[in-house]
Amino acid sequence: MSLFSPYVLGDLRLANRMVMAPMTRCRAIGVNVPGPLSVLYYVQRASAGLIITEGSQVSPQGVGFFRTPGIYSDAQVTGWKEVTSAVHRAGGKMFLQLWHVGRMSHPDYLSGSLPVAPSALPVNETIHTPAGKKFIPVPHALGLTEILKIVREFQDAAARAKEAGFDGVEIHGANGYLLDQFLRDGSNHRTDRYGGSLANRARLPVEIAEAVVAVWGAKKVGYRISPHFNLHAMSDTHPRETFGHLADRLSKLGIAYIHLVEPVGGKLGAVTPDAQMAPLIRKKFDGTLILNGGYDKERATRVIEDGLADLVAFGTPFLANPDLPERFMRDAPLNREDMATFYTGEEKGYTDYPVLGG
Ligand SMILES: Cc1cc2nc3c(=O)[nH]c(=O)nc-3n(C[C@H](O)[C@H](O)[C@H](O)COP(=O)(O)O)c2cc1C
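Everything numeric in this text was worked out from a predicted model, so none of it was measured.

(A) Fine view of the site of the ligand. Within the structure, the ligand sits among 20 residues, and Pro22, Arg224, Asn292, Gly294 and Thr316 are positioned closest to it. Contact distances for the ligand include 2.9 Å between a nitrogen atom and a side-chain N or O atom of glutamine 97. In this structure, an oxygen atom belonging to the ligand sits 2.7 Å away from a side-chain N or O atom of threonine 316. In isolation the ligand has 610 Å² of accessible area, and contact with the protein removes 86% of it. Of the residues that constitute the shell around the ligand, the class distribution is nine nonpolar, ten polar and one charged.

Right under this line is the structure:
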């Protein structure tokens, strides 16, 4: 068994165990529609066992970045169809990441409305808007009817993702966005059925997972978590209990995978062995476990051989190396990523990274 051996995810056969991690690239055109450049970008990376798209908003209220694609309009479905058809023709498999940023937004993105969250707590950070950096206002605490609407929006978006030809969907429950905000007690101070107890804080993530499973079937649905993520004012007093509980609930639902983001160093800090979440999530969750965060070929091979993970996701290595599986197979040198063009530059830093022999 190696990174290059095939793997059956749910009922989908993947050519290898290397997943392209979801990455926002801010190259959408029109009203948040993936364009021809995005078709090329994803096709170039079709040798991944599985591609997970950049976060894609389930509704206009879920937007918190510029030029990020959505999955709530007909034009977006049409744009994504071009992407999935081309990736499938190139032999790739692809899941769409369903995203709602919650409080990580600004009225400039929301026709003047406040960003939404479980509770009206300040983030005390600035955010990039088309008019420059702006302070994130204290969000509007969602009412029960509004929460139900968001569940329906995730379900509708899941249906549109199916129409757009994806092989499945990943629910973005990580990185301090809406579902993470509901799950963790630092950002959720509610006293109704969506807050307080652990079961209540996990209610929205689980209800959304159920709604998406109703569209796709459990085997085509994944869920991303980042228990160590502490930017954007995110915190939890008992992360092992919190994320262990969620993994248990998702396991009972029978979803295909959990995608666990581990600390990558830098601001997010290094993971000490006793703080490692992977063994806990592995124990609690019966399906496939995808690990991500600072992996190279050696570390990825080791966690697969040790049985700690089934698949490993690579973010920046895939961003800078469209032919990453081939480079790993041949032990070829890697291109370095250019951070200056992560979120800007059209084809520069997007579709112009060289392949071996190219
Ligand atoms: C440019 C960029 C955009 C990202 N956008 C997303 C995103 O849309 N959704 C998400 O879940 N994670 C996002 N991430 C996090 C990556 O999926 C991944 O967790 C992170 O890069 C660590 O993996 P790596 O060390 O292999 O790069 C992004 C990371 C980068 C570098």
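(B) Spatial organisation of unusual backbone geometry. The backbone of alanine 233 sits at a positive phi, close to 60°, despite the residue not being glycine. Relative to the helices and strands, alanine 233 is located in the loop between strand 11 (221–225) and helix 7 (239–253). Residue alanine 233 is classed as partly exposed on the basis of its relative accessible area of 38%. Of note, aspartate 331 is a non-glycine position whose phi angle comes to about 50°, a positive value. Within the element layout of this structure, aspartate 331 appears in the segment after helix 11 (324–330). Taking relative accessible area as the criterion, aspartate 331 reaches 55% and is therefore assigned exposed.

(C) Layout of the nonpolar core. One finds Leu98, Val212, Ile281 and Phe314 to be the most contacted residues of the largest nonpolar core, which totals 80 residues. If you tally residues by element for this core, the top one is helix 6 (residues 203–216), at eight residues. Each residue touching phenylalanine 314, except ones within four places of it in the same chain, is listed here: Leu3, Met18, Val19, Met20, Ala21, Asn292, Tyr295, Asp296, Ala300, Leu324 and Phe328. Tyr7, Leu9, Leu12 and Phe95 belong to the second largest nonpolar core, which has 14 residues in total.

(D) Looking closely at helix 6. With 14 residues, helix 6 extends 20 Å between its outermost C-alpha atoms, agreeing within 8% with the 20 Å of an ideal straight helix rising 1.5 Å per residue. Regarding helix 6, the residues found buried are Leu204, Pro205, Val206, Ile208, Ala209, Ala211, Val212, Val213 and Trp216. Positive phi shows up at glycine 217, right after helix 6, with a value of about 85°.

(E) Inspection of the side chain of serine 251 at higher detail. With respect to the helices and strands, serine 251 occurs in helix 7. For serine 251, a relative accessible area of 13% translates into the label buried. When sequence neighbours within four positions are dropped, the list of residues in contact with serine 251 reads Lys284, Phe285 and Asp286.

(F) View of the environment of alanine 313. Position of alanine 313 among the secondary structure elements: in strand 14 (residues 311–314). In sequence terms alanine 313 and asparagine 292 are 21 residues apart; their C-alpha atoms lie 4.8 Å from each other. Ignoring sequence-local partners within four residues, the contact set of alanine 313 consists of Val19, Ala21, His259, Ile290, Leu291, Asn292 and Gly293.

(G) The packing of helix 6 against helix 7, seen in detail. Interaxial distance between helix 6 and helix 7 falls to 10 Å at its minimum, and their mutual angle equals 20°. Judged by the angle between their axes, helix 6 and helix 7 are roughly parallel. Crossing of helix 6 over helix 7 shows right-handed handedness. Contact residues: Pro205, Val206, Ala209 and Glu210 in helix 6; Leu246, Arg249, Leu250 and Leu253 in helix 7.

Basis of the calculations
- Residues numbered from 1 in each chain as written.
- Predicted model: local features only at pLDDT ≥ 70, side-chain atom pairs only at ≥ 80, totals over all residues.
- Heavy atoms only, no water.
- Near = heavy atom within 4 Å.
- Polar contact = N/O pair within 3.5 Å; in protein donor to acceptor, adjacent residues only side chain to side chain.
- Areas by Shrake-Rupley, 256 points an atom, 1.4 Å probe, with all protein chains shown as cover.
- Nonpolar A, V, L, I, M, F, W, Y, C, P; charged D, E, K, R; others polar.
- Helix = DSSP H or I, 4+ residues; strand = E, 2+ residues; numbered from the N terminus.
- Buried < 20%, exposed > 50% of the residue type's maximum accessible area, 1.4 Å probe, protein only.
- Core = buried A, V, L, I, M, F, W, Y, C linked by side-chain atoms within 4.5 Å.
- Contact = heavy atoms within 4.5 Å.
- Expected span 1.5 Å × (residues − 1).
- Axes fitted to C-alpha atoms, helices over the stretch in contact; angles between N-to-C directions.
- Parallel < 35°, antiparallel > 145°, perpendicular 65-115°, else oblique.
- Left-handed = near helix turned anticlockwise from the far one by under 90°.

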